[in-house]
Amino acid sequence: MQQAWLDNDVPQCGYCQSGMIMAVTALLKEKPKPTDADIDASLTNICRCGTYQQIRQAIHAAAKA
Ligand code: FES
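Let me begin by describing the structure that accompanies this report. Just so it is clear, the structure is predicted and the values come from calculations on it, not from any experiment.

**Describing the overall build of the protein chain**
Turning to step 1, where the next piece is worked out: On a plain count of helices and strands, the protein chain comes out with four helices and zero strands.
Turning to step 2, where the next piece is worked out: Ordering the α and β elements of the protein chain from the N terminus gives α-α-α-α.
Turning to step 3, where the next piece is worked out: For 65 residues, the compact-globule formula gives about 11 Å, and the C-alpha radius of gyration of the protein chain, at 10 Å, lands near that figure.
Turning to step 4, where the next piece is worked out: Seen through its principal axes, the protein chain has C-alpha atoms that stretch 30 × 25 × 15 Å.
Turning to step 5, where the next piece is worked out: The buried share of the protein chain, reckoned over its 65 residues, is 37%.
Turning to step 6, where the next piece is worked out: Counting contacts in the protein chain only where the partners sit at least 6 residues apart, residues at least 24 apart contribute 61% of the total.
Turning to step 7, where the next piece is worked out: Accessible area for the protein chain stands at about 4,200 Å²; split by element, carbon and sulfur atoms hold 54% of it.

Shown next as structure tokens:
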């Protein structure tokens, strides 16, 4: 997951990212091929920098790996 984050240039300020990675890791354990709706429902913290599109890209990339 961390490599997918780097490959997709997800972080901006980085403040929210540890929580995002933990939430997404839990999501992929539960749903290995999540939809965008699954992703939206699983992100329980807020990114003030608005990196949601990059987060979705990283999740889909990690799900393919
Ligand atoms: S990267 Fe800045 S709050 Fe998410």
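Structure shown, so let's carry the discussion forward.
**Focus on the pattern of salt bridges**
Turning to step 1, where the next piece is worked out: Throughout the structure, instances matching the rule amount to two salt bridges.
Turning to step 2, where the next piece is worked out: Asp 38 is paired through a salt bridge with Lys 31; the nearest N and O atoms lie 3.1 Å apart.
Turning to step 3, where the next piece is worked out: You can call Lys 31 partly exposed: its relative accessible area is 35%.
Turning to step 4, where the next piece is worked out: With a shortest N-O distance of 2.8 Å, Asp 40 and Arg 56 are connected by a salt bridge. You can see Asp 40 sitting in helix H3 (residues 36-42) and its partner Arg 56 sitting in helix H4 (residues 52-64), a full 16 residues away along the chain.

**Side note on the nonpolar core**
Turning to step 1, where the next piece is worked out: By size, the foremost hydrophobic cluster in this structure holds 16 residues, and its most contacted members are Trp 5, Met 20, Val 24, Leu 43, Ile 55 and Ile 59.
Turning to step 2, where the next piece is worked out: Elements with a contribution of two residues or more to this core: helix H1 (2-7), helix H2 (17-30) and H4.
Turning to step 3, where the next piece is worked out: Here this core takes five residues from H2, the largest share from any one element.
Turning to step 4, where the next piece is worked out: In this structure Trp 5 touches Val 10, Pro 11, Gln 17, Met 20, Ile 21, Val 24, Ile 55 and Ala 58, once residues within four positions along its chain are discounted.

**A short note on H4**
Turning to step 1, where the next piece is worked out: Along its 13 residues, H4 runs 19 Å from first to last C-alpha, staying within 8% of the 18 Å computed at 1.5 Å per residue.
Turning to step 2, where the next piece is worked out: Of the residues making up H4, those classed as buried are Ile 55, Arg 56, Ala 58, Ile 59 and Ala 63. All buried residues of H4 fall inside an arc of 165° around its axis, so they share one side.
Turning to step 3, where the next piece is worked out: Residues of H4 that are buried make contact with H1, H2 and H3.

Rules and cut-offs
- Residues numbered from 1 in each chain as written.
- Predicted model: local features only at pLDDT ≥ 70, side-chain atom pairs only at ≥ 80, totals over all residues.
- Heavy atoms only, no water.
- Helix = DSSP H or I, 4+ residues; strand = E, 2+ residues; numbered from the N terminus.
- Rg over C-alpha atoms; globule rule 2.2 N^0.38 Å.
- Buried < 20%, exposed > 50% of the residue type's maximum accessible area, 1.4 Å probe, protein only.
- Contact = heavy atoms within 4.5 Å.
- Areas by Shrake-Rupley, 256 points an atom, 1.4 Å probe, with all protein chains shown as cover.
- Salt bridge = Lys/Arg side-chain N within 4 Å of Asp/Glu carboxyl O.
- Core = buried A, V, L, I, M, F, W, Y, C linked by side-chain atoms within 4.5 Å.
- Expected span 1.5 Å × (residues − 1).
- Arc of directions from axis to C-beta.

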